Amino acid sequence: MSTSTMTRDAVTSYTMTAIEHMRSLETVIDQDLLAAIPKSKREIIVEVPLRRDNGRYVTFRGYRVQHNDARGPFKGGLRFHPTVDLKEARTLAHLMSLKTAVMNIPFGGGKGGIACDPKQLSTRELEQLTRNFTNLLGDNIGPLIDIPAPDVNTNAQVMAWIVDEYSKKHSQAWGVVTGKPLELGGSVGRDEATGRGVMLATREAAAERGLNLKNSGVIFQGFGNVASFGARLIEQELGAKILGVSTSQGAIYNKKGIDIDSAEVYYRQNKSLRGFSGGEWMTNDELLVRDCDILIPAALGNAITARNAGAIKAKILVEGANDCTEAEADRILLERKVFVVPDILANAGGVVVSYFEWVQNLSNHYWGIDQVRKELERIMVSAYSNVSARAQELQTCMRIAAYTVAIERIARAMILRGL
Ligand code: GLU
C-alpha cells in the first residue's frame, strides 16, 4: 500500500470511528445513513487540452469531486499538482464537507484540480489550461452550485481566469469562486485567513492545555501562504517564538527563534532558505522532530507518519495542512498524549473567509478588515469550544469530536431534506 493510499483511508477510518462514538449521543441517527456519508455525490473527470508554447498538443487530467451538498453548495479548493488524482480529490472533498459542517457555515464539500506541474508551465499555458478546465466543468460549478477556491499551487490570479471564463457564458458572477483578487470581488483578509485561523486555533489549544505561549516555541512545516501568515501572526499576536520553517527543498531551525521577515526576504531573493544565516539548514524530516512546544504542519499531506510520530517533541500539533496525519501516526500521538487540533478545525479560517467573500458577492456590499477578522474569530472560537465540549462529553480526542459534530450536522440536514 502506498503512503498516500494509507492516508486516504485515514479520513474514512476517522469517519467510521466517529460514527461508532455517535451511538452514545442522546439522539441516535440511522446508522445506514451515517455509513453512506463518506461516499461522494458526484465525481467529474475531464481531459483538459492544452496547446503548449512549443506548438505541441497535450492533455492533462482534471477532477472535481462533489462530496455532499445537503447543507449548501459544494465548496472547496482546486489544486494544480502532479499528485492530484481521483482518490486524493475524493478524500479532500469529504474533508471539506466535514470542515464546513464543523464551522457551521452553509456549504457542503468539494475538491478538485489538475494533475500537472505548474512550475513546468508558462503563464500563458497556465491561463489556457485553467480556462479550458473551467469550460469543461461547465454548469457543474456556479455561485449556488459548487464554488471552487485556491488550494495548493493555485491563487487569486487563477481564480480571476475562472471568473472571466465562466462569465463569458453566464452573467457576471463573482460568486462562482472565492479567493479572488480584491479588484474582482475578493474579500479583504482572505489572503491571511487560513494563517489567522491557525493562529486562533493555536491560541485556543494553548489556553486549554495551560501552555504559556510567551515562553513557547513553534515549528511550522511549510513557508507558503498558511505558514508565512500563520508564523507572523503567532509571533505578533501570541508572543510565541518561531523556531523553524521549511520549503519543499529543506528546512531551517533555530532554538533561539527565527526572524520571519528576514527569512522571507532571503527566500524571495534566493528561491530557497538554504544558506540563510539565521537558522541551521536541515531536511523536512529532521525539522519535524526538533524540540518545540507546538508543531504546525502546513505543507502537503502525509507529513506525520508512523515513522516520525514517535519522535515528535511537541505537546500540541495543529494541523495547518489537510490530511497531514496518517491514521497509525494519529494513534501513536494519542498514546503519547500529544494534543492534536485536527485539520477540519485548525485550517478552516480560509473557507470561513471564503464564505464571507461569497456573502459579500451575493449582497454586493463589501466589508472592512475589522469586520472580517472579528467574524472569523467569533466563528473559529465558537467551533473550537463546541468541539472541545464534545470531546469532554464523549471522552475522545479533538479529531473524533470534530468529526462527530460535523457528521451529525450533515446527517440532520440530509434527514430534514429527505435525501
Ligand atoms: N483550499 C482551502 C481549504 O482546504 C480553502 C477552500 C475554500 O476556501 O473553499 O480549506
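Just above sits the structure.
Student: Sorry, what's going on with the overall build of the protein chain here?
Tutor: Tallying secondary structure elements over the protein chain gives 14 helices and twelve strands in all. Here the protein chain has a C-alpha radius of gyration of 21 Å; the compact-globule value for 419 residues is 22 Å, and the two agree. If one aligns the C-alpha atoms of the protein chain with their principal axes, the spans along those axes are about 55 × 55 × 50 Å. When contacts within the protein chain are restricted to residue pairs at least 6 apart in sequence, long-range pairs at least 24 apart make up 69% of them. Carbon and sulfur atoms make up 49% of the accessible area of the protein chain, which amounts to about 17300 Å² in all. A distance of 1 Å separates the average location of the 50 positive side-chain charges in the protein chain from that of its 47 negative side-chain charges.

Student: Would you explain the site of the ligand in this entry?
Tutor: If you check the shell around the ligand, you find 14 residues, and the closest are Lys75, Lys99, Asp151, Asn322 and Ser354. Between an oxygen atom of the ligand and a side-chain N or O atom of Asn322, the distance comes to 3.0 Å. Against a free-state accessible area of 300 Å², the protein chains account for coverage of 94% of the ligand. Every element with two or more residues in the shell around the ligand is listed here: strand S3 (74-80), helix H3 (86-102), strand S5 (146-150) and helix H12 (349-363). Along the lines of polarity and charge, the residues of the shell around the ligand split into four nonpolar, five polar and five charged.

Student: Which parts of the structure should I look at to understand a nonpolar patch on the surface?
Tutor: Residues Leu144, Ile145 and Leu362 make up a contiguous nonpolar surface patch of about 300 Å² in total accessible area. With respect to the helices and strands, the residue Leu362 is situated in helix H12.

Student: I would appreciate a short explanation of the packing of aromatic side chains in the present structure.
Tutor: One pass over the full model with this rule turns up eight aromatic pairs. For the ring pair Phe107 and Trp358, a centre distance of 4.8 Å and an interplane angle of 65° mean the geometry is edge-to-face. Separated by 251 residues along the polypeptide, Phe107 in the loop between H3 and strand S4 (109-114) and Trp358 in helix H12 bring together distant segments of the chain. Across the pair, Trp358 and Phe107 agree in class, each one buried. An angle of 55° between the planes, with centres 5.9 Å apart, marks the rings of Phe223 and Tyr267 as tilted.

Student: I keep staring at the pattern of salt bridges and nothing clicks. Help me out?
Tutor: Side chains that carry opposite charge are capable of pairing whenever their charged atoms lie near each other. Applying the stated rule across the entire model yields 31 salt bridges. Arg79 is paired through a salt bridge with Glu88; the nearest N and O atoms lie 3.8 Å apart. Comparing Arg79 with Glu88 shows no difference in burial state: the two are buried. Here Asp151 makes a salt bridge to Arg79, at a shortest N to O gap of 2.7 Å. In this pair, Asp151 sits in the loop between S5 and helix H5 (156-169) while Arg79 sits in strand S3, placing the two residues 72 residues apart along the sequence. Classification of Asp151 as buried rests on a relative accessible area of 19%. Residue class for Arg79 comes out buried when judged on its relative accessible area of 7%. Several salt bridges share partner residues, and in doing so they unite Glu127, Arg131, Asp164, Glu165 and Lys168 into one network.

Student: Help me out: how do you make sense of the side chain of Ser246 in this one?
Tutor: Position of Ser246 relative to the elements: it lies in strand S7 (residues 241-247). Reaching out from Ser246, the side chain makes a polar contact with the side chain of Asn284 at a distance of 2.8 Å.

Student: What exactly am I supposed to notice about the sheet that holds strand S11 (residues 316-318) here?
Tutor: Strands in a sheet are paired, the pairing made by backbone hydrogen bonds, and the direction either parallel or antiparallel. Taken together, seven strands build an open sheet; the order of strands is S9-S8-S7-S6-S10-S11-S12 and the sheet is mixed. Each edge of the sheet is formed by a strand with only one pairing partner; in this case those strands are strand S9 (280-282) and strand S12 (339-341). Neighbour-to-neighbour, the strand axes of the sheet open up by a mean angle of 20°, direction not taken into account. Here strand S6 (residues 217-221) pairs with S7 via three bridges, running parallel.

Student: Can you walk me through the pairing of strand S2 (residues 57-68) in this structure?
Tutor: As a general feature of sheets, a regular strand has side chains that alternate between the two faces. Strand direction decides the pairing type here: strand S1 (residues 42-51) and S2, joined by ten bridges, are antiparallel. Bridging across to S2, Glu47 finds its partner in Arg61. Linking S1 to S2, which pair antiparallel, is a turn of five residues; within it Gly55 sits at a positive phi near 95°. Note: S2 against S4, six bridges, orientation antiparallel. Following the sheet pairing, Val65 is matched in S4 by Lys111.

Student: Help me understand the packing of helix H7 (residues 225-238) against helix H8 (residues 260-270), please; the structure alone is not making it clear to me.
Tutor: The description of two packed helices rests on the angle between their axes and on the distance between the axes. H8 packs onto H7 with a crossing angle of 160° between their chain directions and a minimal axis gap of 10 Å. As judged from the angle between their axes, H7 and H8 are roughly antiparallel. Between H7 and H8 lies a crossing of left-handed hand. On H8, the residues touching Ser228, Ala231, Arg232 and Glu235 of H7 are Ile260, Asp261 and Glu264. Grouping the constituent residues of the contact of H7 with H8 by class yields two nonpolar, one polar and four charged.

Parameters and conventions
- Residues numbered from 1 in each chain as written.
- Predicted model: local features only at pLDDT ≥ 70, side-chain atom pairs only at ≥ 80, totals over all residues.
- Heavy atoms only, no water.
- Helix = DSSP H or I, 4+ residues; strand = E, 2+ residues; numbered from the N terminus.
- Rg over C-alpha atoms; globule rule 2.2 N^0.38 Å.
- Contact = heavy atoms within 4.5 Å.
- Areas by Shrake-Rupley, 256 points an atom, 1.4 Å probe, with all protein chains shown as cover.
- Lys, Arg positive; Asp, Glu negative; His and termini not counted.
- Charge placed at Lys NZ, Arg CZ, Asp CG, Glu CD.
- Near = heavy atom within 4 Å.
- Polar contact = N/O pair within 3.5 Å; in protein donor to acceptor, adjacent residues only side chain to side chain.
- Nonpolar A, V, L, I, M, F, W, Y, C, P; charged D, E, K, R; others polar.
- Patch = residues over 30% accessible without salt bridge, like charges linked within 9 Å, V, L, I, M, F, W, Y side chains within 5 Å.
- Salt bridge = Lys/Arg side-chain N within 4 Å of Asp/Glu carboxyl O.
- Phe/Tyr/Trp six-rings, centres within 6.5 Å; stacked < 30°, edge-to-face > 60°.
- Buried < 20%, exposed > 50% of the residue type's maximum accessible area, 1.4 Å probe, protein only.
- Pairing = 2+ DSSP bridges.
- Axes fitted to C-alpha atoms, helices over the stretch in contact; angles between N-to-C directions.
- Parallel < 35°, antiparallel > 145°, perpendicular 65-115°, else oblique.
- Left-handed = near helix turned anticlockwise from the far one by under 90°.

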